[in-house]
Amino acid sequence: MIKYTNQPKELEPYNIQEDLSMKEEITALLIKEAFKARKMAYAPYSNYLVGAALIVPSGNIYTGCNVENASYGLTICAERNAIFKAVSEGQRHINAIAIVGGALDANIASVEDDSFIVDGDYAYPCGACRQVMAEFLPESGDIDVIVARSLDDYKLYKLSELLPGVFSI
Ligand SMILES: [Zn+2]
């Protein structure tokens, strides 16, 4: 029997702009999931581990980690990994995405004790990932992008702030 490792979570339909209490709850959940995903990062060359978690309109959450390669250019970022997983399961819209990243030794607390934290600066999505996010805008027309160092220490942006002048056809 096939077992899926990334079971969709059961959540109420999500509208980050209409329900601020939901927004905080969802933000915390996405950060938590991103930290969990970060533990799966395959980054033997940079030792910089990244996790990402995104939520789609149905409430499903998809996660990803960075996956490096000996041929460096083949490396994929955590954000695009999560997005491609969602898209490959039929999703076409992203409401919000959380990203946590830091060097291997910046893993101060474990996932189990619920006090995740990474040292150093926030891990911002690279330009390529920002462009890929822009391909899958939700009905609101913008995506919330959360960069976090812990559950309480995060910054919230709109994708339109991080990627002005997006390329489109
Ligand atoms: Zn990237």
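Residues numbered from 1 in each chain as written. Predicted model: local features only at pLDDT ≥ 70, side-chain atom pairs only at ≥ 80, totals over all residues.

**Regarding the overall build of the chain**
And then number 1: What the chain contains, in helices and strands, is 4 helices and 5 strands.
And then number 2: Its helices and strands in sequence order give the chain the pattern α-β-β-α-β-α-β-β-α, from N to C terminus.
And then number 3: A burial count over the chain gives 34% of its 169 residues as buried.
And then number 4: Contacts in the chain between residues far apart in sequence, at least 24 positions, make up 62% of those at least 6 positions apart. (Helix = DSSP H or I, 4+ residues; strand = E, 2+ residues; numbered from the N terminus. Buried ≥ 20, exposed ≤ 12 C-beta atoms within 10 Å, placed from the backbone. Contact = placed C-beta atoms within 7 Å.)

**Here's the deal with the sheet that holds strand S5 (residues 154-158)**
By definition, the strands of a sheet pair up through backbone hydrogen bonds, in either a parallel or an antiparallel sense.
And then number 1: The sheet built from 5 strands is open, its strands ordered S2-S1-S3-S4-S5 with mixed pairing. The sheet terminates laterally at strand S2 (61-65) and S5, the two strands that pair on one side only. Neighbouring strand axes in the sheet, compared pairwise and without regard to direction, differ in orientation by 15° on average.
And then number 2: Strand direction decides the pairing type here: strand S3 (residues 96-103) and strand S4 (residues 144-148), joined by 4 bridges, are parallel. Note on S4: the bridge partner recorded for isoleucine 99 is valine 147.
And then number 3: Sitting on the sheet, helix H2 (residues 78-88) touches strand S1 (48-55), S2 and S3, and the angle it makes with S2 is about 140°. (Pairing = 2+ DSSP bridges. Axes fitted to C-alpha atoms, helices over the stretch in contact; angles between N-to-C directions.)

**Quick word on H2**
And then number 1: Buried within H2 are the following residues: Ala78, Glu79, Arg80, Asn81, Ala82, Ile83 and Ala86.
And then number 2: A positive phi of about 100° marks glycine 90, the residue just after H2.

**A few points about the environment of asparagine 60**
And then number 1: Here asparagine 60 shows up in the loop between S1 and S2.
And then number 2: Asparagine 60 sits in the partly exposed class, given 19 other C-beta atoms within 10 Å.
And then number 3: Distance from asparagine 60 to glutamine 91, taken between C-alpha atoms, is 9.3 Å for residues 31 residues apart in sequence.

**Regarding the pairing of S1**
And then number 1: Here S1 lies mainly inside the structure; 7 of its 8 residues are buried.
And then number 2: Relative to S3, S1 is paired through 8 bridges, and the arrangement is antiparallel. For tyrosine 48, the partnering residue across the bridge sits in S3 and is alanine 103.
And then number 3: The pairing of S1 with S2 spans 5 bridges and is classified as antiparallel. Bridged to alanine 52 within S2 is glycine 64.
And then number 4: Counted along the chain from S1 to the antiparallel partner S2, the turn is 5 residues long, and its residue glycine 59 has a positive phi close to 100°.

**Notes on the nonpolar core**
The nonpolar side chains of soluble globular proteins are, as a tendency, buried together.
And then number 1: Counting 39 residues, the largest nonpolar core has Ala34, Ala52, Leu54, Ile97, Ala98 and Ile99 as the members making the most contacts within it.
And then number 2: The set of elements that each furnish at least two residues to this core consists of helix H1 (20-38), S1, S2, H2, S3, helix H3 (127-134) and S4.
And then number 3: Residues within four places of alanine 34 in sequence aside, it is in contact with Gly51, Ala52, Ala53, Thr63, Ala98, Ile99, Val100 and Ala148. (Core = buried A, V, L, I, M, F, W, Y, C linked by C-beta atoms within 7 Å.)

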